[in-house]
Structure formats: C-alpha cells, structure tokens
Amino acid sequence: MDFDLSREHQALRKLVREFAEEVVKPATRQADRTSQPPTEVIKQAGEIGLFGVPFPREYGGMGAGETGYCILMEELGRVDTSFATIIGAHIGIGTMAIYLGGTKRIREKYLPDLCSGKKIAAFALTEPQAGSDAASIKLRATKEGDSYILDGSKMWITNGPMASTMAILAVTDPALGARGGATAFVASTRDDDGNPIEGFTPGKFEHKMGLHGSPTSAIAFDNFRVPAENILGQTGLGFVVFMQTLDIGRVTLGAATLGGAQAALQQSLEWAAMRTQFGKPLAHAQTIQFMVADMAAEVEALRSLVYRTAWLVDNNRPFIKEAGMCKLLGSEYASRCVDRAVQIHGALGYSRDTFIERGFRDSRIAEIFEGTNEIQRILIAEQMFREVGVKIRP
Ligand code: COS
C-alpha cells in the first residue's frame, strides 16, 4: 500500500495551497460581508487551470483525476468553504454531468470553456417540491422538431446567478415519471456578454445562514429552446446521469469538509498554545486536550476515507457507498470540529472578525446539500444490504 501522493499530485497541492493562501484567503472576508462572489479570484483560478483539474487533457483539463480534484477541494476548503462551493458546483456537479453524460461532440464543444473558467457551470436538479425526493421533479421538456422546449423552475441552484452553462434534468415523459421519463440536457443560459438567453430567467437570490460568498438562486425556464442533440446520456435516462454525478460530488464534498475540519483543528492548536488562562496556556488544560484529540482523530479518519474513495473512483471500482460515507462523515466531522474550535476560542470564536465564526456558519449546509445526511444513510444501508442479497427499497 502506497500512501504517498504522486509527484504530479504533490505539485498540484503546492500550486493550490499557494493560490488558496495568497489569492483566495484575502478575498474571503469581503465576499462574506457583501454576499458578492469574488469574480476576480474566480477568473484567476480559471487562468491557472483549477476549473479543469479532474478532466482529461484532450478536453482542456489537467488530467489529475478524482484524487487531484480532492486535493483541490481540500486545499480550498482549508481557507474558504464558499469558494470551494463555487468551484465544487462548477466542476463536480455542473461540468461533471456534462462530462459523464456527454457525447464526444458535446464534451469537445462545452468542456474547454468550462475547464478554462471562461464559462461557469451549474447543476439544475432541485425544485420547490423536489428536494430529497429528486425523482418528483416537474420541469417539463417537450419535443418540438429538433428541439426540446423547457418550461418550469428550479431552486437552490449554486452558481445560479452567474452560470452560463447548465446541466438540467427535465421530465420528457410524465407517464413514466423521473425513472424512465426524465432526460438530462446541457444548455447555454447566457450569451457571451452574460445576458440571459431568451426563455431563461435567474430568479430569487437566496440569503443564507452561511456561504455568503457562494451565490445561490432559483432559475426559471419559459418556452426555453434546447437542441435535441444536447441530451446527456439517453432520452428518459437522465435521472441516473444526475445520480452518478452526485456520487462524484459527494466524494469531493467530503474533501472540502476535510479541509474545513483541518483548518479548525490547526487554528485551535495555535490558539491553545498561545492563550494563557489561570497562569498556563490553554494547551495544558485536559478539557482542551480532549477536544483537540477528538478533532485530530476525526480529521485523520476522514482523510483516509476521502483519499481511498478517490482511489476507487480513479481505478474504476464501485464507490457509491463510500461516496455517501465521505459526505456523511465529512459534514458531521467538520461541523463538530468547527463547533469545538468555537468553544476553544471562547468569545473570540463568536466574533465576526474570525475565520472560526464564518466556518461555523459555513459548515452546517454540508449536512444538507448534495443529498441530506439522511439520504446518505439510506444509500449506505441500501448498498450494505445489497451486499448480503437483501433489497430494502422497491
Ligand atoms: N448512484 C447511481 N445511481 C443511482 C444512485 C446513485 N447514488 N441512486 C439511485 N440511482 C439509480 C438507481 O440505481 C436506479 O437506476 P435503475 O432504474 O437503472 O435501477 C435509479 O437511479 C432510480 O433509483 P431509485 O429507484 O432508488 O430512486 P428513488 O427516487 O427511490 O430514490 C434517491 C433515489 C433517494 C437515492 C435520490 O432521490 C437521491 O439521491 N436524492 C437526493 C437528491 C440530492 O442529492 N439532491 C441534492 C440536490 S443537488 S446539490
């Protein structure tokens, strides 16, 4: 067993860490305060190739696979969950759906601009009445000649206000429902000047508890035309393309939460070494030592799980169960680690001047988005019982 990263992956970690520390970090407070995404930082991330990390070089990517993508998300998660979320929604679900479901022609047409960051992607699945129950989507796609006409709305779309390329799941045959009657499409939703294309409207901007630097909105389609050649996967089988995409996203969400948990641990260590109470640094108090030990154990366990799962993906092994575990444990460990970090920092951890306070607000959503943790438990249990020949759902 070799736990060392390849030289290429080590070089990638160095590149991303420097970018995260020197470029992302200084912009995060402003993005959090103003709820405006750091557009200049996004542009620079594209210029150094970060938007294409997992994709093959032939489509303009870096060819660093899932392992490289986890490195990227871990390093970004260390400095800012909002920025990691912008990149994760773009790469891991928006562009990934286009890559997984797209023909060679679609990949060649869309991926180069997405890998360079010239265009931002979003993943349009959730609807007002279809959250965990993703199969109950209603957005309708009706065939008309060589095109489909989309009518309906989506909500909670990360990158919704700024994306110009979207992977969209729509119902093409209501009689069959989402399983057999849902089709995935790729569509350009804004022109080269950033103006919405006819029939597309970015909707209500969501004001969230955290992740202020990552824009989220509803989106609406009204008589919006998509060429039939833009179908991802096969007609009627889009639900599975979207579920497979979420599997990949959940591994790297685990990596981003690993970065957040690691940062909370690191800052707690530094603070506990420096802060003196009752004549001694906090580090000498056993109560603090226990908290730090628990954080370190969780970070280490998560790191092993995330990188082993990335290895499964890169080696074409089954990984649905492990992806659910990365997302489930990552989000819960990160929330717990940041919570302990607030406690260790005392009142300072409650101050809006600290990363810890932002981390506390930002970490909670990971237990909810990309499939709630309850859904992850169902998925994991389903895979476990399948291994012993028991089907627990129809
Ligand atoms: N990976 C790959 N395929 C999957 C899958 C997964 N994680 N989950 C389901 N599928 C496949 C099934 O194998 C089945 O395919 P076949 O018809 O070829 O057998 C198909 O998708 C339908 O699956 P199922 O019958 O289990 O669908 P359900 O509606 O009962 O439940 C869950 C599917 C609950 C797993 C799904 O709705 C889900 O993941 N919900 C959470 C949605 C989510 O993550 N939202 C976040 C929004 S995007 S940020």
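Every chain is numbered on its own, with residues counted from 1 as its sequence reads. Reporting of local features is limited, given that this is a predicted model, to residues whose pLDDT is at least 70; pairs of side-chain atoms are given and counted only at 80 or more, and all residues count toward the totals for whole chains, interfaces and linings. To get the side-chain values, take all heavy atoms of the structure and skip hydrogens and water.

Before going further, it helps to spend a moment on the environment of Gln376. Helix and strand labels come from DSSP, where a helix needs a run of H or I of at least four residues and a strand needs a run of E of at least two; each type is numbered from the N terminus. When you line up the elements, Gln376 lands in helix α11 (residues 373–387). For every residue, the accessible area (1.4 Å probe, protein chains only) is compared with the maximum for its type, and the residue is labelled buried under 20%, exposed over 50%, or partly exposed between those bounds. Exposure remark for Gln376: the relative accessible area of 0% places this residue in the buried category. Taking the C-alpha atoms as reference points, Gln376 and Val299, separated by 77 residues in sequence, lie 20 Å from one another. Residues count as neighbours in contact if any of their non-hydrogen atoms are within 4.5 Å of one another. Not counting residues within four places of it along the chain, the set of residues in contact with Gln376 comprises Arg250, Gly324, Lys327, Leu328, Glu370 and Gly371.

To estimate the expected span of a helix, count its residues, drop one, and scale the result by 1.5 Å. Here α11 spans 21 Å end to end across 15 residues, near enough to the 21 Å set by a 1.5 Å rise per residue. For α11, the full list of buried residues reads Asn373, Gln376, Leu379, Ile380, Glu382 and Gln383. Elements that come into contact with the buried residues of α11 comprise α7 (238–274) and α9 (320–345).

Further remarks concern the site of the ligand. Whether a residue is near a molecule or strand depends on its heavy atoms: it is near if one of them lies within 4 Å of it. Every one of the 20 residues lining the ligand counts as a neighbour, but Ser132, Arg179, Asp247, Arg250 and Arg393 are closest to it. Throughout this description, a polar contact denotes any pair of N or O atoms lying within 3.5 Å of each other; where both atoms belong to protein, one of them has to be capable of donating a hydrogen while the other can accept it, and for residues adjacent in sequence the pair is counted only when both atoms sit in side chains. Between the ligand and Arg179 there is a distance of 2.5 Å, counted from an oxygen atom to a side-chain nitrogen or oxygen. Backbone polar atom of Gly371 to an oxygen atom of the ligand: 3.0 Å apart, as the coordinates give it. The Shrake-Rupley method, run with a 1.4 Å probe sphere, supplies the accessible areas, and residue values consider only the shown protein chains as cover. Considered on its own, the ligand offers 980 Å² of accessible surface; in the complex 73% of this is hidden by protein. Those elements giving two or more residues to the shell around the ligand turn out to be α7 and α11. In terms of residue count, the dominant contributor to the shell around the ligand is α7 (seven residues). Each residue is assigned to one class: nonpolar for Ala, Val, Leu, Ile, Met, Phe, Trp, Tyr, Cys and Pro, charged for Asp, Glu, Lys and Arg, and polar for all the others, Gly among them. In the shell around the ligand, the residues fall into ten nonpolar, five polar and five charged. Shared between two domains, the shell around the ligand takes at least three residues from each, and those domains are domain 2 (121–237) and domain 3 (240–387). Source of the domain bounds: an automatic or database domain assignment.

Our next topic: the pattern of salt bridges. Opposite charge on two side chains permits them to pair, given that their charged atoms come into close proximity. Each salt bridge in this description consists of a side-chain nitrogen of Lys or Arg and a carboxyl oxygen of Asp or Glu lying within 4 Å of one another. Scanning the entire structure with this criterion turns up 31 salt bridges. Salt-bridge contacts for Glu108 lead to Lys104; the nearest nitrogen and oxygen are separated by 2.6 Å. Of this pair, Glu108 and Lys104 both sit in helix α5 (residues 104–115), four residues apart, which is roughly one turn of the helix. For Glu108, a relative accessible area of 42% puts it in the partly exposed group. Among the charged side chains, a network of salt bridges with common partners joins Arg13, Arg17, Glu21, Lys25, Glu74, Glu75, Arg78 and Arg303.

Moving on: the nonpolar core. Nonpolar core, defined: a set of buried Ala, Val, Leu, Ile, Met, Phe, Trp, Tyr and Cys residues in which side-chain atoms within 4.5 Å join the residues together. One finds Leu72, Leu76, Phe83, Ile98 and Leu150 to be the most contacted residues of the largest nonpolar core, which totals 110 residues. Per element, the largest residue contribution to this core is 13 residues, and it comes from α7. Excluding residues that lie within four positions of it along the chain, Ile98 makes contacts with Ile106, Arg107, Tyr110, Leu111, Leu114, Thr165, Ala167, Val186 and Leu232.

Bringing the environment of Arg190 into the picture now. With respect to the secondary-structure elements, Arg190 resides in the loop between β5 (182–188) and β6 (200–205). For the pair Arg190 and Thr201, spaced eleven residues apart in sequence, the C-alpha separation works out to 9.7 Å. Apart from the residues lying within four places of it in its own chain, the contact partners of Arg190 are Pro161, Met162, Ala163, Ser164, Asn195, Pro196, Ile197 and Pro202. A distance of 3.4 Å separates a polar atom in the side chain of Arg190 from the backbone oxygen of Ala163. Only 2.8 Å separates the side chain of Arg190 from the backbone oxygen of Gly194, close enough to count as a polar contact.

Before going further, it helps to spend a moment on the domain arrangement of the protein. Here the protein is described as being made up of domain 1 (7–115), domain 2 (121–237) and domain 3 (240–387). The gap between the C-alpha centroids of domain 2 and domain 3 is 30 Å. On the side of domain 3, 14 residues touch domain 2, which itself brings 16 residues to the contact. When two components associate, each loses some accessible surface as probed by a 1.4 Å sphere; the sum of these losses over both components is called the buried area. Summing both partners gives a buried area of about 1,100 Å² for domain 2 against domain 3, and 76% of it is carried by carbon and sulfur. The largest contributions to the domain 2 side of the interface with domain 3 come from Phe123, Met209 and Leu211, which together make up 43% of the buried area. At the junction of domain 2 and domain 3, the tally comes to zero salt bridges. Inspection of the region where domain 2 meets domain 3 yields one residue pair in polar contact (both at pLDDT 80 or more). Mapped by element, the contributors of at least two residues to the side of domain 2 that touches domain 3 are β1 (121–124) and β4 (165–171). The element contributing the most residues to the side of domain 2 that touches domain 3 is β4, with three residues.

The subject of this paragraph is the packing of helix α4 (residues 81–101) against α5. In this analysis an axis means a line fitted to C-alpha atoms, helices contributing only their contacting stretch, and an angle means the value between N-to-C directions, from 0 to 180 degrees. Relative orientation of the contacting elements α4 and α5 amounts to 160°, with a least axis distance of 9 Å. Comparing their axes, α5 and α4 come out roughly antiparallel. The crossing of α4 and α5 is left-handed. On α5, the residues that touch His90, Thr95, Ile98, Tyr99 and Leu100 of α4 are Ile106, Arg107, Tyr110, Leu111 and Leu114. When the residues that make up the contact of α4 with α5 are grouped by side-chain class, the tally is seven nonpolar, two polar and one charged. Oblique is the label for any angle not under 35 degrees, not over 145, and not in the 65 to 115 range, which are roughly parallel, roughly antiparallel and roughly perpendicular in turn. Left-handed is the label given to a crossing in which the near helix is rotated counterclockwise from the far helix by less than a right angle, and right-handed is the label when the rotation is clockwise.

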